Structures are given as C-alpha cells and as structure tokens.
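Fold and contact review
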2 protein chains.
Amino acid sequence: MTNATDFPLGRRVMAMIEDLAQHTDEPGRLTRLYLSDAHRRAADATLRLMQEAGLNAHIDALGSVIGRVEGANPGAPALLIGSHIDSVVDAGRYDGNLGVVLGIVVVEALKRQGIAPACPIEIVAFGDEENVRFPTNLSTSQALAGRFNPAWLDGRDQDGISFRDALIRFGGDPGGAAALARDRARYRGYLEVHIEQGPLLEAKDLPIGIVSAINGITRARASVIGEAGHAGTVPMNMRRDALAAVAEMIGIVERAGSTRTDTVATVGVVQVQPGAINVIPARVDFTLDARSPDDAVRLAMLQDIVTECQAAAQRRNVSFTIEPFMESPATPMDKGLIGRLEEAVRCLGIEPLHLSSGAGHDAVAMANLCPSAMLFVRCKDGISHNPAESITTEDADVAARVLIDAVKRIAA
Amino acid sequence: MTNATDFPLGRRVMAMIEDLAQHTDEPGRLTRLYLSDAHRRAADATLRLMQEAGLNAHIDALGSVIGRVEGANPGAPALLIGSHIDSVVDAGRYDGNLGVVLGIVVVEALKRQGIAPACPIEIVAFGDEENVRFPTNLSTSQALAGRFNPAWLDGRDQDGISFRDALIRFGGDPGGAAALARDRARYRGYLEVHIEQGPLLEAKDLPIGIVSAINGITRARASVIGEAGHAGTVPMNMRRDALAAVAEMIGIVERAGSTRTDTVATVGVVQVQPGAINVIPARVDFTLDARSPDDAVRLAMLQDIVTECQAAAQRRNVSFTIEPFMESPATPMDKGLIGRLEEAVRCLGIEPLHLSSGAGHDAVAMANLCPSAMLFVRCKDGISHNPAESITTEDADVAARVLIDAVKRIAA
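Quantities reported herein were computed from a predicted structural model and do not represent experimental measurements.

Before going further, it helps to examine the overall build of chain A. Scanning chain A from N- to C-terminus turns up 11 helices and 16 strands. On C-alpha atoms alone, chain A measures out to a radius of gyration of 23 Å, which is about the 22 Å that the 2.2 N^0.38 rule sets for 412 residues. Along the longest, intermediate and shortest principal axes, the C-alpha atoms of chain A span 80 × 50 × 45 Å. Considering only intrachain contacts with a sequence separation of at least 6, the fraction spanning at least 24 residues in chain A is 77%. Of the roughly 15600 Å² that chain A leaves accessible, carbon and sulfur atoms contribute 49%.

Set out below in structure tokens:
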C-alpha cells in the first residue's frame, strides 16, 4: 500500500503520466503517432504542464515541446532533460512520457526548494522517437542536433499522407526544421530517463540503472531458396528444403548472440513459401536483428553469422542471401555525466548498476549535439510497447530524487 | 525427336491428356476442383472417350465416370482400372488423368487386337481424389468400397457451398452414394497408373516402377508458446524465444525422417507471432507431415519426434503441444497383382523397381474393396501439382504396353 504521504515525487510523476495517457488516437488503447491529433493534444497538455511549472515553453516547428528556465546564470551552457511523447500502436504509458514528466518534476522540485539552478535548464518532449508513422529516424531530436534530413518530409504514412502535410496540419512549419539546430557551445549535456524495456533491473532487484552505451544495431533481411516438392514423395536425401536450412540458421543466430557478452541476435520474422502442410518449403525469408554496445563485436558477430549460414546453405545445396538494410553504430554515454549519475544513485544507497541499452532512444541523436547520458527505471517483467507496461510509484520517486540530485551536480 | 510412327500408344495417351487438359475453371491454368463446371465438362469428355472406345459408360451419382466392357465371360469378377480427373489449383495435366486415359487405351488396344478380355473390365474416372474443395477423403472411390461417409455431404467449400448443393448442381444425386457400393465378390482387382510425383525413377533411369505400398501418414499441428520481448533489451539467457525452440524442433523432425529407411517427415507451415523484426517471437505454430510404408515405423518415428520436442521445450522453458488430426495407415499393394505387373515389366526388358508411394491415391480406398496395385510412371524432375508436371510420350507408351500385358495376365 502506498500512503498519500509516501513518495510524493513518484505520485506527482504518476499523476502527470495519467494526464498524458488520456490523449490517444484510438479509443480503448493508447496509440499516439507522431503529428496525429492525439499527439497535438498531448503536446498542448505537456506545454501546459511546463508553463504551470514556471517554464518558458513553446511547441517548435517539428512539434517538439520545449520549456526553459534560465537559472542563476542565464549565459551558462544549458542542461537539456527530456524524452518523447509519441508512442507505438497499442502502447504502454511510460515509454517516453516518463522522461518528459521527470524533467518537469525536477523543475517543480527545484522551485519548491527555492533553488535557482546554476545553469539554464531545458525540458524537451520530442515527437518522433518510435519512427512508426513515417520512414524517419529520430527526426525531432536529430533536428536539435542539426541532423534533420529534409528528405524525411517527403516520406508518407500508410495512408499516403506526407510528413510535410501532416506537419502543416499539426500546426508546425516544414521550412523551420533547419533553424531548430542548436549551438553546441550553449549546451552542457542531455539527460534522458526511460523505462528499461528489459528484465535486468528486476532480476537484480534494483529500481534504477545507469546506461553505459546504447547498442549499435544491424538489421538485415535474408532469403533461402531451395526447391519445392511433395512432402510424401521426395526422399529426405534428395530434398533442398528451405525451411530446414533456415531452422539451422536460426540456431546459428541464437548461438552467435549467446556466446558473446552483452550481445543479442534475434530472428523475429519467418515467411515460408508456399507454406502448405504437404509441400517441402521452396523459399523462406527471415529477418535478423543483431545488437551490441561494441561496434567491433557486433560486426564480428555478423560476419560469423553470415559465414556459418553460407556454409549451411552450401552443405544443403540451397541459395542464401542476406542484405543489411540498417546499420546504427553504438552510442557510448558521456563518462562525465555517468559519474554524476553514479554519485546521485549512491547517495540514495543504491548500487549503481551499469547496463547497455538494447533499444534506441533520442539520446542517440542528442549525443551528436552534446554529452548525453541516460537512466533506466525498472519496469514490470521487462515489458514495453504493450499496455501491460508498468512501473511502481516508489521507483518513479527514486528516479525523480536521483535526477534532481544529478541535475544539481551537473548544473553546478 | 518423336516420329509420327513412334510410340503410337504413348501418342494416343498424350492426345487424350491434351483433350482433358482443356477443361479448367481458371483461364490460363489448369484448376479442376471436384464438382466444378470444369469437372463436369471433363467428366462429359471422359464419358465420350469411353463410349468411343466401345465402353458402356455413365456418370454415377457422385460424378465418377464409369465405363464397362463385358468381355468373354460376363459373369466373372471384373477388373477395375482407373484414377481421377479432379485436380489441385494450378495443376499439372498428368496427375490422375494419366491413369484414366491409360485404362481407355487398354480397352482400345484389346479391341484393335481383336481380343475379348477374359473378364469384364471397368474403367473409372474418380472425381474427388485431391480433397481440395471439400473436407472429404477420397469420397468417390470410398463410395465404391462402401465407405462413403454421409456427413461429407454437409462439408462446405471456401465459398460456403455444401458438397450436397454442389453435387446437385453438377447433376449428381446426394441420396445415391450408398447404392454405389460394389459387391466385392464381383471384382478381382483394381489397377491404377499414376505419375510418380517424386524423383526416384528419374534417378534410377527407369520409365516405370511398381508400388509396393502406399505410405501411412500422420499429420499434426503443433504450437510452441514462449514469451514476447524486445529484441534489443532481453538478454539471450533470459529469453523464451518460441521461434528458436521451433527451429530446434524442425531439426528434430528432419533427423527423424532422415535416419529411418523409406520415411519422410516435413514441416511445411510455420507461423510466427507477433512476427516483427524487433520482437522476440511469443508463439509459433507449425505443421508436421510424417510418412512411412510401415505403420510401426511411422508411429515410432512420431513418438521420437514428440519426446525430443518435449525435451527441447522443457530445456527452453516454453510450452509445446502437438495434435495429430489425420492418421492414415499404410496400404500394402496386393502381392498377386504385383507379381503380374512384375512379369509385364520384365517382358519389356525393364528391371522391376519396387517403390513405396509417398502420396495417397484412390488405390487406398479401392484396397478396401478388392486387391489393388499401382504402377508409377517417371515424371520430369519429380515435379507434380504444378504446371511444370511432365512425362515423355515414350514413357507413356511403356506404361500402356505394361498395362495391356498385365491386364491380359490378370483377366486370364
């Protein structure tokens, strides 16, 4: 039982999360794609929360909500804190939103404590982190880092609506993206708190952890082509079964991910042709998602996977092709900021666990602008991108206290 | 080059095959499902071919075309020769049709040779061998064997049309199925010639082979349920990846089929949920098709597959269920008839190769009525159920000569 007097910061976080969770494009479940009506309403609500916290806030040309408090020394490089308020389809309520409201909670707490931060603080609610609606890649945070790609504006959603048109409808300004680029001399760092989206903190019985790096990712599509045949009449030793070959390759991928430290390798999609109970599969397409905090390790893992799959294909007399279509290098978090987060975690008597982030985050883009770091908050059963996504009020309170302490240290 | 004077029987077979191949429900490809308009036209064409050969022919209550010639001794038990004229979707032209037209060619040849067969001969063109349209199992040949299941009449095709209604529309008589059952004392045997649908004869460089048994089949649906998770954030050793488990099971199935003599075991369908590149698969459904000419071997193979899959599931902490939904025992062919076929094959200077049939045939049903046997004809690359299905005129000629000789021996 949580009493009304327990975990006041955690309860404040949960109240704001609850507020934002109302804004959805689909009744009965949370879906808030970039530049949708629900995104607009959530941005307006975020703007209001920021203004109520005393921030000088606005919604920028790409729909990000940005609030600033000048602090004791308005000329000093600012500290950015944020995350995103867009969501996947049928999402949980914490992914992204948690990092935004924690930023606001920090500003509220400093104000309540009568502390003017030593440097300006900017809270930011990005809009395009999930990259679900348009073929973009962290467009709103890349804009701040000066890396917005104007070609993204021509991308279309599944209804054929372009990013450009959706942005105009949202109230944004397609021509204003370039001007969002920040002067890197004016920023000292970016902090993002996010749910872990994995089970490690829960397994270690820790409320919070410090991200050491955001994993690099390779994604690829692979195909095996064998030969169809009647499942009753072609002897086993005369078969060129594409599915049996891919089964062996899935084993290769699993072993490649398992035998290295901190790597993961996943086959998530398998499509079998013709896909009939009595026909030997002629062709199987599958996907590969391989990640590591160390780019050299990831590339070596990939090379091993390709080499072993080629050998299996040759032995089975089937063809094998693999085409990587996404390569995202690892993003190490800033050592200086990690040190401050570690001090803040220790101050609460919590062992500072360092873990890599398997998922991408706005911090990947922001690391191009300024030193960046992330905190992970324990989430129930490691579940995310799902309505069952859940954190405790107590853990939200811990996250708020760690962040407030860290901001004081970093701003100083 | 085939000269006009070469292989006259083979050319006659090919001409009739060509005639029947015109009747399709889909322009541009051969699709002739049971009781369709194309099936009706093909049945009428078959009836005409039989009548032209001097057979007393009719289309029965279930759409099978049956022609009879009384021979020298009308009271003697008759010899049945036949196969089917229905097809799969996008079929080849030889599967089924070959065995029907060869029966007609036999009658034509005997007539041309001025030989009255020693016993009556019935040629039959069954209509429901592929079991593609309705949930039946060899309904038209089972009817002759007295095993027509009246519940089949309530089965529906994918457009919701019942077997009963389709039969009435075809011009058949749903109430007449039971009366089709033959008196077994009046039949001495059933012969069916069919394309091999496999690569063995081609590999052995033989035009024809003798079927020793039609394999027993077990078909089953299996499911593995693990746990979905983010492909980037769940460490390999904490995963319950349903697809990785099924990949191991596909390997188990492949080994189980490969390590025994004359067995095959196939996974033809795999469906992955949720099936996203960045999500660890939560559930995978797959099918199993396992066959052997020896029922004890098939059941032992199945038991091994289930035991090993259960062990893999337990080790991986995923659930595994498997439900057999079709069990068809093996059908050994009649030794007496096999002996006659062997003599006829040897007479052409061909080594009589005995092979099991991996696919089911009307002979499975007819073996319930009378001694049954089958000949296989070499087909190009072992391909069937495909427009690329092909046999040579020379091999068709060999098949006709073997069948004519065998019929003389069996009728005597």
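All names here are of chain A. Looking at the assigned domains, one finds that chain A contains domain 1 (4-215 + 331-410) and domain 2 (216-328). The C-alpha centroid of domain 2 is placed 36 Å from the C-alpha centroid of domain 1. Each partner contributes to the interface: domain 1 provides 7 residues, whereas domain 2 provides 6 residues. Across the domain 1 to domain 2 interface the summed buried area is about 450 Å²; carbon plus sulfur atoms make up 47%. It is Asn 215, Ser 356 and Gly 358 that lose the most area in domain 1 upon contact with domain 2, and together they represent 76% of the buried surface on that side. At the junction of domain 1 with domain 2, the criterion picks out 0 salt bridges. Considered class by class, the residues forming the side of domain 1 that touches domain 2 number 3 nonpolar, 4 polar and no charged.

The next subject is the environment of B:Ala185. Residue and element names in this part refer to chain B. Position of Ala 185 among the secondary structure elements: in the loop between helix 5 (163-170) and strand 5 (187-195). By relative accessible area, which is 58% here, Ala 185 ends up exposed. Here the alpha-carbon distance between Ala 185 and Cys 370, two residues 185 residues apart in the chain, equals 8.6 Å.

On the side of chain B, 50 residues touch chain A, which itself brings 50 residues to the contact. The tally of links between chain A and chain B comes to 2 salt bridges. Between A:Arg316 and B:Glu254 there is a salt bridge, with its nearest N and O atoms 2.8 Å apart. Counting across the chain A and chain B interface gives 6 residue pairs in polar contact (both at pLDDT 80 or more). For the side of chain A that touches chain B, the element with the highest residue contribution is helix 7 (residues 242-258) of chain A, accounting for 7 residues. When the residues that make up the side of chain A that touches chain B are grouped by side-chain class, the tally is 27 nonpolar, 16 polar and 7 charged.

It is worth spelling out the packing of helix 7 of chain A against helix 8 (residues 295-316) of chain A at this point. Residues and elements named next belong to chain A. Running from N to C, helix 7 and helix 8 cross one another at 155°; their axes reach a closest spacing of 10 Å. By the angle class used here, helix 7 and helix 8 are roughly antiparallel. You can see that helix 7 and helix 8 cross each other, and the crossing is right-handed. Of the residues in helix 8, those touching helix 7 at Ala 244, Ala 245, Glu 248, Met 249, Ile 252, Val 253, Ala 256 and Gly 257 are Met 301, Ile 305, Glu 308, Cys 309, Ala 312, Ala 313, Arg 315 and Arg 316. In terms of residue class, the contact of helix 7 with helix 8 is made up of 11 nonpolar, 1 polar and 4 charged.

Turning next to the nonpolar core. Formed by 103 residues in total, the largest nonpolar core has its most connected members in A:Leu62, A:Ile81, A:Phe163, A:Leu191, A:Ile391 and A:Val407. Take this core: its biggest share by element is 11 residues, from helix 11 (residues 393-411) of chain A. With sequence-adjacent residues up to four places away left out, A:Phe163 is seen in contact with A:Tyr34, A:Leu35, A:Leu62, A:Phe134, A:Thr136, A:Ser139, A:Phe148, A:Trp152, A:Leu153 and A:Gly155. Core analysis: the second largest hydrophobic core is formed by 102 residues, B:Leu20, B:Leu55, B:Phe134 and B:Ala145 among them.

This paragraph deals with the packing of aromatic side chains. What the rule picks out here adds up to 12 aromatic pairs over all chains. Geometrically, the ring pair formed by A:Tyr34 and A:Phe134 is edge-to-face, given 6.5 Å between the ring centres and 90° between the ring planes. In this pair, A:Tyr34 sits in the loop between helix 1 (8-21) and helix 2 (37-52) while A:Phe134 sits in the loop between strand 4 (121-126) and helix 4 (139-144), placing the two residues 100 residues apart along the sequence. Since its relative accessible area comes to 1%, A:Tyr34 is described here as buried. A ring pair is formed by B:Phe148 and B:Phe163, whose centres lie 6.1 Å apart and whose planes are at 75°; its orientation type is edge-to-face. You can see B:Phe148 sitting in the loop between helix 4 (139-144) and helix 5 and its partner B:Phe163 sitting in helix 5, a full 15 residues away along the chain. Here B:Phe148 and B:Phe163 have matching classes, each one buried. Put simply, the rings of A:Tyr34, A:Phe134, A:Phe148, A:Trp152 and A:Phe163 pair up and form one aromatic cluster. One residue, A:Arg221, lies across the ring of A:Phe325, its end atom 3.8 Å from the ring centre. Sitting over the face of the ring of B:Phe170, B:Arg40 holds its NZ or CZ atom 5.0 Å from the ring centroid.

It takes a turn of 180° to lay chain A on chain B, together with a shift of 0.2 Å along the axis; the resulting RMSD is 0.2 Å. One copy is carried onto the other by what is essentially a two-fold rotation axis. Within chain A, the C-alpha atom positioned nearest to the axis of rotation is that of A:Ala247, 2.1 Å from it. The share of interface residues of chain A whose copies in chain B are also at the interface is 100%, consistent with both copies meeting through the same surface.

About the cut-offs
- Residues numbered from 1 in each chain as written.
- Chains lettered and ligands numbered in written order.
- Predicted model: local features only at pLDDT ≥ 70, side-chain atom pairs only at ≥ 80, totals over all residues.
- Heavy atoms only, no water.
- Helix = DSSP H or I, 4+ residues; strand = E, 2+ residues; numbered from the N terminus.
- Rg over C-alpha atoms; globule rule 2.2 N^0.38 Å.
- Contact = heavy atoms within 4.5 Å.
- Areas by Shrake-Rupley, 256 points an atom, 1.4 Å probe, with all protein chains shown as cover.
- Domains from an automatic or database assignment.
- Buried area = accessible area lost by both parts, 1.4 Å probe.
- Salt bridge = Lys/Arg side-chain N within 4 Å of Asp/Glu carboxyl O.
- Nonpolar A, V, L, I, M, F, W, Y, C, P; charged D, E, K, R; others polar.
- Buried < 20%, exposed > 50% of the residue type's maximum accessible area, 1.4 Å probe, protein only.
- Polar contact = N/O pair within 3.5 Å; in protein donor to acceptor, adjacent residues only side chain to side chain.
- Axes fitted to C-alpha atoms, helices over the stretch in contact; angles between N-to-C directions.
- Parallel < 35°, antiparallel > 145°, perpendicular 65-115°, else oblique.
- Left-handed = near helix turned anticlockwise from the far one by under 90°.
- Core = buried A, V, L, I, M, F, W, Y, C linked by side-chain atoms within 4.5 Å.
- Phe/Tyr/Trp six-rings, centres within 6.5 Å; stacked < 30°, edge-to-face > 60°.
- Lys NZ or Arg CZ within 6 Å of the ring centre and 35° of its normal.
- Least-squares fit on C-alpha atoms with pLDDT ≥ 70 in both.

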